[in-house]
Amino acid sequence: MNERQRPRRRGQGELEGLVLSALREAEGAATAGWVLEHVGGDLAYTTVITILTRLLAKGAVTRERAGRSFVWTPVSDQAGLAAHKMRKLLDGESDREGVLASFVTSLEPGDERLLRELLGRAKAEGEN
């Protein structure tokens with residue numbers, strides 16, 4: 001197979017997003033086989049299992065034994081998963097204040113305004 005025929009390689013985050021989206025569309029818990037059918041494309045069953053296991057380790061899905069297999073249920077959506085990744089990165093840094101300051105100053109004005117609004121709402125909810 002030459003370079004032109006090779007399928008585009010997707011990143012881990014993209015695959016996790018696809019799997020989470022499929023799980024959110026399920027009516028209840030879903031098997032890995034069901035997820036594979038609904039994600040489509042050229043994924044292998046073992047790849048789906050690997051992605052589900054990674055999502056389980058991140059707390060984004062739960063699993064329950066169903067016979068000899070497992071069924072999977074989403075705990076968080078794509079935004080929740082991205083937030084978890086951001087917290088994990090922040091937790092790995094020794095200079096939290098510096099990281100947060102750098103992050104805030106690099107935001108586009110609209111994003112900075114949105115962040116301020118969200119922080120204000122969170123503060124108000126915490127006071128209630």
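You'll find the structure just up there.
Below is a short write-up of the structure.

About the criteria used
Residues numbered from 1 in each chain as written. Predicted model: local features only at pLDDT ≥ 70, side-chain atom pairs only at ≥ 80, totals over all residues. Heavy atoms only, no water. Buried < 20%, exposed > 50% of the residue type's maximum accessible area, 1.4 Å probe, protein only. Helix = DSSP H or I, 4+ residues; strand = E, 2+ residues; numbered from the N terminus. Arc of directions from axis to C-beta. Axes fitted to C-alpha atoms, helices over the stretch in contact; angles between N-to-C directions. Parallel < 35°, antiparallel > 145°, perpendicular 65-115°, else oblique. Contact = heavy atoms within 4.5 Å. Nonpolar A, V, L, I, M, F, W, Y, C, P; charged D, E, K, R; others polar. Core = buried A, V, L, I, M, F, W, Y, C linked by side-chain atoms within 4.5 Å. Pairing = 2+ DSSP bridges.

Considerations on helix 2 (residues 32-39)
Logical step 1: By the burial criterion, the buried members of helix 2 are Ala32, Val35 and Val39. Down the axis of helix 2, the smallest arc covering the buried residues is 55 degrees, so these residues share one side.
Logical step 2: The positive-phi residue at the C-terminal boundary of helix 2 is Gly40, with phi of around 70 degrees.

Topic: the packing of helix 4 (residues 78-91) against helix 5 (residues 96-105)
Logical step 1: At a minimum axis distance of 9 Å, the contact between helix 4 and helix 5 shows a crossing angle of 135 degrees. Viewed along their axes, helix 4 and helix 5 adopt a mutual orientation that is oblique. For the pair helix 4 and helix 5, the contacting residues are Met86, Leu90 and Asp91 in the first and Arg96, Val99, Leu100 and Phe103 in the second.
Logical step 2: Considered class by class, the residues forming the contact of helix 4 with helix 5 number five nonpolar, no polar and two charged.

Digging into the nonpolar core
Logical step 1: One finds Val19, Leu23, Val35, Leu52 and Leu55 to be the most contacted residues of the largest nonpolar core, which totals 19 residues.
Logical step 2: For this core, the elements supplying multiple residues, two or more each, are helix 1 (12-25), helix 2 and helix 3 (45-57).
Logical step 3: Per-element tally for this core: the top contributor is helix 1, with five residues.
Logical step 4: Contact partners of Val19, with chain neighbours within four places excluded, come to Val35, Val39, Ile51, Leu52 and Leu55.

Re the environment of Lys88
Logical step 1: Turning to its location among the elements, Lys88 is positioned in helix 4.
Logical step 2: Owing to a relative accessible area of 59%, Lys88 belongs among the exposed residues under this scheme.

Brief notes about the pairing of strand 1 (residues 61-66)
Logical step 1: In this structure, strand 1 lies alongside strand 2 (residues 69-74), joined through six bridges in antiparallel fashion. Looking across to strand 2, one finds that Arg65 is bridged to Phe70.
Logical step 2: Here strand 1 folds back onto strand 2 in antiparallel fashion, the turn holding two residues, of which Gly67 has a positive phi close to 70 degrees.

Remarks on the environment of Ala60
Logical step 1: By the element assignment, Ala60 lies in the loop between helix 3 and strand 1.
Logical step 2: Residue classification places Ala60 among the buried residues on the basis of a relative accessible area of 1%.
Logical step 3: Each C-alpha atom of the pair Ala60 and Val75 lies 5.0 Å from the other, and the pair is 15 residues apart in sequence.
Logical step 4: When neighbours within four sequence positions are excluded, Ala60 is seen to be in contact with Leu20, Leu55, Thr73, Pro74, Val75, Ser76 and Leu81.

Overview of the packing of helix 2 against helix 3
Logical step 1: Look at helix 2 against helix 3: their axes get within 9 Å of each other, and the N-to-C directions meet at 110 degrees. On the basis of the axis angle, helix 2 is roughly perpendicular to helix 3. Touching Ala32, Gly33, Val35 and Leu36 of helix 2 are Tyr45, Val48, Ile49 and Leu52, all from helix 3.

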